[in-house]
Amino acid sequence: MDPESCVVPGLKTICDVDDTFYKIIEGRPLRQHVDVKVYMRNLRDITLYRANAAYIKDQIIQIDTNIVDESKLYDEITELYNETRTNFFTFVRENYNSAKKVQDCAETKSAELNDMMKQLDGLSFVHVNLNNRILSLASSFGTLFRQCLNYMQIENYSARILKPVLKARDKLESVILSEANEVTGLIEYYETQVKWMEEKEAEYIAKFNNLLFTKFHELYASYDATKLFTCIQYIHCQLFDVSVDPKDNITTMMLNIEKLFIKLTSDLDYMNQNVIKKVENEIFSSDIRMMKRAVKAQRSLKEFDILKKSLIASFQPPRNKRKNN
């Protein structure tokens with residue numbers, strides 16, 4: 001049985017085929033002798049059959065369409081071929097006479113060409129000689145050309161090398177000039193400073209010499225300084241019971257005297273002030289007595305000098321008599 005004959009258009013369910021397929025017996029449908037799986041398989045086969053038929057029909061339509069297109073193209077090619085053939089025959093008929101004339105002209109020109117070839121053979125010898133000379137000239141020219149080319153290459157290469165060198169030289173010259181200007185300015189500045197320092201040096205030397213021969217001499221080499229040194233040295237020797245040392249200097253001796261004075265002062269702070277005052281009074285009183293005696297002795301010496309001069313004058317003759325004599 002053909003599966004397509006079982007398909008009824010417009011069917012949706014199995015009830016549309018057999019309304020007695022479902023029967024309500026005790027609340028559930030009864031299964032008939034027709035199996036659902038068989039029905040589904042038949043439905044699948046029918047669907048596949050129709051799909052294959054539609055595909056084959058589509059292929060047939062495409063083939064028919066291609067045949068029609070190819071037939072049109074064939075007709076166009078045939079028509080073009082016939083037209084071209086007709087035109088070719090027309091061209092051959094129309095150009096036969098002109099071709100004949102061209103052939104006659106070609107034969108004439110061929111004869112003339114043969115004559116010219118004979119003349120050319122006579123000129124070929126001259127041409128060979130000239131060609132040899134030209135080749136020799138060309139070889140010499142080629143040598144000269146190669147030399148010129150080498151020179152141009154060398155010139156180009158040297159120009160490429162010299163260009164950055166010249167740029168660097170110009171740049172270096174500008175840098176050197178700027179640095180030279182700076183150095184010149186520094187030299188002028190330092191010359192000014194040196195001149196100023198020389199003037200200051202001369203001024204300081206003059207001041208130093210002035211101090212050396214005036215103030216320094218007064219402080220260290222004058223009579224008063226020598227007298228002060230002698231006094232300090234004498235006091236130092238008496239206080240410390242030492243002999244005179246050629247290496248003594250005022251600073252060392254005064255430092256020793258100052259240390260002794262500080263020591264004595266500190267010792268005096270621990271002594272009885274009344275006793276100290278009494279001793280000071282005794283010392284000062286003895287000093288006053290000695291000073292009075294010194295003044296009295298000085299006065300006595302002056303009187304002695306006066307008496308001595310008077311006594312000497314009394315033993316000498318008068319001045320008037322000495323003048324008369």
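Each value, and the rule that gives it
Residues numbered from 1 in each chain as written. Predicted model: local features only at pLDDT ≥ 70, side-chain atom pairs only at ≥ 80, totals over all residues. Heavy atoms only, no water. Helix = DSSP H or I, 4+ residues; strand = E, 2+ residues; numbered from the N terminus. Buried < 20%, exposed > 50% of the residue type's maximum accessible area, 1.4 Å probe, protein only. Contact = heavy atoms within 4.5 Å. Areas by Shrake-Rupley, 256 points an atom, 1.4 Å probe, with all protein chains shown as cover. Axes fitted to C-alpha atoms, helices over the stretch in contact; angles between N-to-C directions. Parallel < 35°, antiparallel > 145°, perpendicular 65-115°, else oblique. Left-handed = near helix turned anticlockwise from the far one by under 90°. Lys, Arg positive; Asp, Glu negative; His and termini not counted. Salt bridge = Lys/Arg side-chain N within 4 Å of Asp/Glu carboxyl O. Polar contact = N/O pair within 3.5 Å; in protein donor to acceptor, adjacent residues only side chain to side chain. Patch = residues over 30% accessible without salt bridge, like charges linked within 9 Å, V, L, I, M, F, W, Y side chains within 5 Å. Charge placed at Lys NZ, Arg CZ, Asp CG, Glu CD. pLDDT = per-residue confidence, 0-100. Expected span 1.5 Å × (residues − 1).

A. Structural detail: the overall build of the chain. For the chain, the helix and strand inventory stands at 5 helices and 0 strands. Across the 325 residues of the chain, 4% fall into the buried class. A separation threshold of at least 6 residues defines the contact pool for the chain, and within that pool the share at least 24 residues apart is 16%. Total accessible area on the chain is roughly 30,100 Å²; 62% of this is exposed by carbon and sulfur atoms.

B. Looking closely at the packing of helix H2 (residues 223-240) against helix H3 (residues 250-269). At a minimum axis distance of 10 Å, the contact between H2 and H3 shows a crossing angle of 45 degrees. By the criterion of interaxial angle, the relationship of H2 to H3 is oblique. In terms of crossing hand, the pair formed by H2 and H3 is left-handed. Within the contact between the two elements, H2 uses Phe 229, Ile 232, Gln 233, Ile 235, His 236, Leu 239 and Phe 240 and H3 uses Ile 250, Met 253, Met 254, Asn 256, Ile 257 and Leu 260.

C. Local environment of unusual backbone geometry. Positive phi values are uncommon outside glycine, yet Asp 241 reaches one of about 55 degrees. The exposed category is assigned to Asp 241, whose relative accessible area is 71%.

D. Structural view of the side chain of Asp 248. With respect to the secondary-structure elements, Asp 248 resides in the loop between H2 and H3. In this structure Asp 248 is buried but unpaired, with Lys 247 as the nearest side chain of opposite charge at 9.7 Å. A polar contact of 3.4 Å, which involves the side chain of Asp 248, links it to the side chain of Gln 233. Excluding residues that lie within four positions of it along the chain, Asp 248 makes contacts with Phe 229, Gln 233 and Met 253.

E. Representation of the pattern of salt bridges. Applying the stated criterion across every chain, the model contains 3 salt bridges. Note that Glu 203 is salt-bridged to Lys 200, the shortest N-O span being 3.9 Å. Of the two residues, Glu 203 and Lys 200 are both situated in helix H1 (residues 36-221); the distance of 3 residues between them amounts to about one turn of the helix.

F. Expanded view of a negative patch on the surface. On the surface, Asp 75, Glu 76, Glu 79 and Glu 83 cluster together into a negatively charged patch. Mapped onto the fold, Glu 76 is located in helix H1.

G. Molecular detail of the confidence of the model for the chain. Model confidence for the chain is summarised by a mean pLDDT of 76, while 73% of its residues fall at 70 or above. Averaged over each element, pLDDT in the chain is lowest for helix H5 (residues 319-324) (56) and highest for H3 (85). Long-range and interchain partners of residues 1-8, a stretch whose pLDDT sits below 50, account for 6 contacts in this model, where long-range means more than four residues apart. Long-range and interchain partners of residues 24-28, a stretch whose pLDDT sits below 50, account for 2 contacts in this model, where long-range means more than four residues apart.

H. Structural view of a nonpolar patch on the surface. A grouping of Tyr 234, Ile 235, Leu 239, Phe 240 and Val 242 is seen on the molecular surface, where their side chains present a nonpolar patch of about 460 Å² in accessible area. You can see Val 242 is positioned in the loop between H2 and H3. Judged by its relative accessible area of 42%, Val 242 is partly exposed.

I. Quick look at H3. The end-to-end C-alpha distance of H3, which contains 20 residues, comes to 28 Å, matching closely the 28 Å that a straight helix rising 1.5 Å per residue would cover. A side-chain oxygen of the first residue of H3 lies 3.3 Å from the backbone nitrogen of Thr 251; this N-cap is Asn 249.

J. Spotlight on the side chain of Gln 233. Tracing the chain through its elements places Gln 233 in helix H2. Discounting residues that sit within four places of it in the chain, Gln 233 has contacts with Val 244, Asp 245, Asp 248 and Met 253.

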